[in-house]
Amino acid sequence: MKKGEIRSAFHAFAAWVDGEEWCERPSEAAPAPQPEAKAKRPVNRLDRYRVYRRFTQLVGALFCLTLFVLLLGTVVSLPPFGDPANPANNEVSRRYIEQGLEETGAANLVAGMILSYRAFDTFGESSVLFLAATCVTMLLRRDEHNTTSGDLEEMAQEDLTSRRDRDIILRTAVLLLLPMSAVVGVYVMLFGHISPGGGFSGGSILGGGMILYAQTFGSGNVRRFFNEHMYHMIKVVCLMGYGLLLADFVYTGVNGLPGHVPLGTPGHILSGGIILPIDLLVGFEVTCTIYAFYALFSKGEL
């Protein structure tokens, strides 16, 4: 056996062991098998959503845990109630107590502090109410773009059912209670600078009375004296009036000028400077907001 034949036989045996087909000529040799490319798995939107959801849940849990630890540490670090060394007992609260009556003209020191010394904070709260009512109106208000014929038929059926099922006892009780609730609401707003009360509590009473009237006699009767146009007008006028009063109060106070609204005699109804008109403006703002929430959530309209 020649040397070349021995080499060829050896290569053929090695190829057989490897499970390959061997050819004597390199050009005729079978091409080496290429590794198969891994099939790319298509990206599934559901998988992405699951990953995103787990991530947001994890971030939310960490945020809540961090906030809980911070609040718990703050509560633990608070000084004991009534401690003379309490940092809350500083010159600010001392000025409220000692000079509040003279500087604000309000017998109710709480109202004097909220609507005079810190009137800017209360203006922010009123702005939040305005923004909340605007957002609810944008999301829940029914119009020609989001109301179908089925919705109109359902609303008409609900009105018919409510008119038919009105109980005489309920109507009589509401007719007796509604004037008293209105008087109490106005009283709380007018005397908020003299006794406990103010715009927020008085407006809540008036708003609750309007809801009770609408629930008993129907929202159609409420629209006779309080429609959407009046709602927008009252909200805007009250918030702008509050802003103008606050701007004048801050401008005169910063420059050491006497206020344009007199303080009056403490204890009288016409006293307290800007506190009385602000109480009225805030009260009507709260009244409109409370009734708007009820009307939009129940009927989708004012």
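Before going into details, it helps to say that this report is about the structure given with it. (Residues numbered from 1 in each chain as written. Predicted model: local features only at pLDDT ≥ 70, side-chain atom pairs only at ≥ 80, totals over all residues. Heavy atoms only, no water.)

1. Topic: the layout of surface pockets
Any space left empty among the atoms is revealed by the rolling of a water-sized probe across them.
Then, in step 1: Reported here for the largest pocket is a volume of approximately 370 Å³.
Then, in step 2: Those elements giving two or more residues to the lining of the largest pocket turn out to be α3 (91-104), α4 (109-117) and α10 (228-254).
Then, in step 3: Of all the elements, α10 adds the most residues to the lining of the largest pocket, at 4 residues.
Then, in step 4: In terms of residue class, the lining of the largest pocket is made up of 9 nonpolar, 9 polar and 2 charged. (1 Å grid on protein atoms, 1.4 Å probe; cavity = no way out; pocket = protein on both sides within 12 Å on 5 of 7 lines; lining within 4 Å. Points joined across faces, edges and corners; volume = space filled by probe spheres on them. Helix = DSSP H or I, 4+ residues; strand = E, 2+ residues; numbered from the N terminus. Nonpolar A, V, L, I, M, F, W, Y, C, P; charged D, E, K, R; others polar.)

2. Thoughts on a nonpolar patch on the surface
Then, in step 1: A cluster of nonpolar side chains, contributed by Leu65, Phe68, Val69, Leu72 and Val76, occupies part of the molecular surface with about 510 Å² of accessible area.
Then, in step 2: Tracing the backbone shows Val69 in helix α2 (residues 45-77). (Patch = residues over 30% accessible without salt bridge, like charges linked within 9 Å, V, L, I, M, F, W, Y side chains within 5 Å. Areas by Shrake-Rupley, 256 points an atom, 1.4 Å probe, with all protein chains shown as cover. Salt bridge = Lys/Arg side-chain N within 4 Å of Asp/Glu carboxyl O.)

3. What to know about the pattern of salt bridges
Then, in step 1: Inspection of the entire model under this criterion finds 5 salt bridges.
Then, in step 2: A salt bridge links Arg223 to Glu301; the shortest N-O distance between them is 2.9 Å. Of this pair, Arg223 sits in the loop between α9 (219-222) and α10 while Glu301 sits in the segment after α11 (275-298), and the two are 78 residues apart along the sequence.

4. Notes on the nonpolar core
Then, in step 1: With 17 residues, the main nonpolar core has Met210, Ala214, Val222, Phe226, Tyr231, Tyr291 and Leu302 as its most contacted residues.
Then, in step 2: Of all the secondary-structure elements, those providing two or more residues to this core are α5 (119-140), α8 (199-217) and α11.
Then, in step 3: Among the elements that line this core, the one with the most residues is α11, at 6 residues.
Then, in step 4: The contacts of Leu302, once residues within four sequence positions are left out, are Arg223, Glu228, Tyr231, Ala292, Ala295 and Leu296. (Core = buried A, V, L, I, M, F, W, Y, C linked by side-chain atoms within 4.5 Å. Buried < 20%, exposed > 50% of the residue type's maximum accessible area, 1.4 Å probe, protein only. Contact = heavy atoms within 4.5 Å.)

5. Overview of the side chain of Lys235
Then, in step 1: With respect to the helices and strands, Lys235 occurs in helix α10.
Then, in step 2: Not counting the four nearest positions on each side in its chain, Lys235 is found in contact with Leu129, Phe130, Ala133, Glu285, Cys288 and Thr289.

6. Structural notes on empty space enclosed by the protein
Then, in step 1: In total, this model carries 1 cavity of 30 Å³ or more according to the counting rule given.
Then, in step 2: Space inside the largest cavity adds up to approximately 40 Å³.
Then, in step 3: Lining the largest cavity are Tyr96, Gly100, Leu101, Thr104, Leu109, Gly112, Met113 and Tyr117.
Then, in step 4: Contributing elements (two or more residues each) for the lining of the largest cavity: α3 and α4.
Then, in step 5: Looking at the lining of the largest cavity residue by residue, the class counts come to 5 nonpolar, 3 polar and no charged.

7. Comments concerning the packing of α5 against α10
Then, in step 1: For the pair α5 and α10, the least separation of the axes is 10 Å and the interaxial angle reads 160 degrees. Overall, the two elements α5 and α10 adopt an arrangement that is roughly antiparallel. Handedness of the α5/α10 crossing: left-handed. Between α5 and α10, the residues in contact are Ala119, Phe120, Thr122, Phe123, Ser126, Ser127, Leu129, Phe130, Ala133 and Thr137 and Tyr231, Lys235, Val236, Leu239, Tyr242, Gly243 and Leu246, respectively.
Then, in step 2: Grouping the amino acids of the contact of α5 with α10 by side-chain chemistry returns 11 nonpolar, 5 polar and 1 charged. (Axes fitted to C-alpha atoms, helices over the stretch in contact; angles between N-to-C directions. Parallel < 35°, antiparallel > 145°, perpendicular 65-115°, else oblique. Left-handed = near helix turned anticlockwise from the far one by under 90°.)

The values are spatial; any link to function lies outside them.
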